[in-house]
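Next come the chains, spelled out residue by residue.
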Amino acid sequence: GARGDHAVRGLHWSPLHPTKLATGSEDGVVSLWETAAPLRGGSHAAGAAGLPRAVQLHKFEAHSAACCGVAWSAVNHHLLVSAAADGSIVFYDTTRLAVVRTLCSDQSFTSLAFAPDGLH
């Protein structure tokens, strides 16, 4: 399938914006979603069982292998980080929709998380 049409391997709700969701997929794509996006006229899109439908805001294609984990910073609501099986950790500014830093390792990653203080 097209990049972004693969199984989700990781997801994380934004701790500071409860309607924003980040996902990481099998093909390495990291997507940003809005789960309460209004349609024209102010009504909300309804998906299965009447739940709000998620709208994809942006997709990053910074990994060359499965993205296994995504995490939002609890102190910087613009900072998102992802880790992948290709050994990369990528930091994103979700306001500018830009990659701000990439770290590389010889080891593949299967998950990641910020420390409880949200700084590391």
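Check the entry above for the structure.
Definitions and limits used
Residues numbered from 1 in each chain as written. Predicted model: local features only at pLDDT ≥ 70, side-chain atom pairs only at ≥ 80, totals over all residues. Heavy atoms only, no water. Helix = DSSP H or I, 4+ residues; strand = E, 2+ residues; numbered from the N terminus. Buried < 20%, exposed > 50% of the residue type's maximum accessible area, 1.4 Å probe, protein only. Contact = heavy atoms within 4.5 Å. Pairing = 2+ DSSP bridges. Axes fitted to C-alpha atoms, helices over the stretch in contact; angles between N-to-C directions. Patch = residues over 30% accessible without salt bridge, like charges linked within 9 Å, V, L, I, M, F, W, Y side chains within 5 Å. Areas by Shrake-Rupley, 256 points an atom, 1.4 Å probe, with all protein chains shown as cover. Salt bridge = Lys/Arg side-chain N within 4 Å of Asp/Glu carboxyl O. Phe/Tyr/Trp six-rings, centres within 6.5 Å; stacked < 30°, edge-to-face > 60°. Disulfide = S-S within 2.5 Å. Polar contact = N/O pair within 3.5 Å; in protein donor to acceptor, adjacent residues only side chain to side chain.

Participant: Kindly report on the overall build of the protein chain, identifying the contributing residues and their values.
Facilitator: Counting its secondary structure elements, the protein chain contains zero helices and eight strands. When the helices and strands of the protein chain are read in sequence order from the N terminus, they spell out β-β-β-β-β-β-β-β. Taken over 120 residues, the protein chain has a buried fraction of 36%. Considering only residue pairs separated by 6 or more positions, the protein chain has 42% of its internal contacts joining residues 24 or more positions apart.

Participant: Got a sec to walk through the sheet that holds strand S7 (residues 88-93)? Specific residues and values, please.
Facilitator: Read across the sheet, four strands follow the order S5-S6-S7-S8 without closing on themselves; strand pairing throughout is antiparallel. The outermost strands of the open sheet, each flanked by one partner alone, are strand S5 (67-72) and strand S8 (98-104). On average, each strand axis in the sheet is tilted by 20° relative to the strand beside it, whichever way the strands run. Here five bridges tie S5 to strand S6 (residues 79-84), and the two strands are oriented antiparallel to one another. Of the residues in S6, the one forming a bridge with Gly69 is Ala83.

Participant: How would you explain a nonpolar patch on the surface if you had to name every residue and give the values?
Facilitator: The grouping of Val8, Leu11 and Trp13 at the surface amounts to a nonpolar patch, some 310 Å² of accessible area in total. Structurally, Leu11 is set in strand S1 (residues 8-13).

Participant: Would you mind going over the packing of aromatic side chains in detail, with residue names and values included?
Facilitator: Taken as a whole and assessed by the stated rule, the structure comprises one aromatic pair. On the basis of an interplanar angle of 35° and a centroid distance of 4.3 Å, the ring pair of Phe60 and Tyr92 is categorised as tilted. You can see Phe60 sitting in strand S4 (residues 55-60) and its partner Tyr92 sitting in strand S7, a full 32 residues away along the chain. Each member of the pair Phe60 and Tyr92 is classed as buried.

Participant: Go over the state of the cysteines with me, naming the residues and quoting the values.
Facilitator: With the rule as written, the count across this model stands at zero disulfides. Free of any disulfide, Cys67 has its nearest cysteine sulfur in Cys68, 6.7 Å distant.

Participant: Lay out the side chain of Ser88 with the relevant residues and their values.
Facilitator: Here Ser88 is to be found in strand S7. A distance of 2.5 Å separates polar atoms of two side chains, one belonging to Ser88 and the other to Asp86. Excluding its chain neighbours within four sequence positions, the residues that come into contact with Ser88 are His63, Ser82, Ala83, Thr102, Leu103, Cys104 and Phe109.

Participant: For the environment of Leu97, give the residues involved together with the corresponding values.
Facilitator: Secondary-structure assignment places Leu97 in the loop between S7 and S8. Separated by 40 residues in the primary sequence, Leu97 and Leu57 place their C-alpha atoms 9.8 Å from one another. Beyond its immediate chain neighbours, meaning those up to four positions away, Leu97 contacts Leu32, His58 and Phe60.

Participant: Could you give an account of the sheet that holds S1, with specific residues and numbers?
Facilitator: Strand order in the open sheet formed by four strands is S1-S2-S3-S4, with antiparallel pairing between adjacent strands. Of all the strands in the sheet, the pair left with one neighbour each is S1 and S4. Looking at each pair of strands side by side, their axes are set apart by 20° on average, direction ignored. Where strand S3 (residues 30-34) lies against S4, five bridges are found, and the strand directions are antiparallel. Looking at S4, one finds that Glu34 is bridged to Val55.

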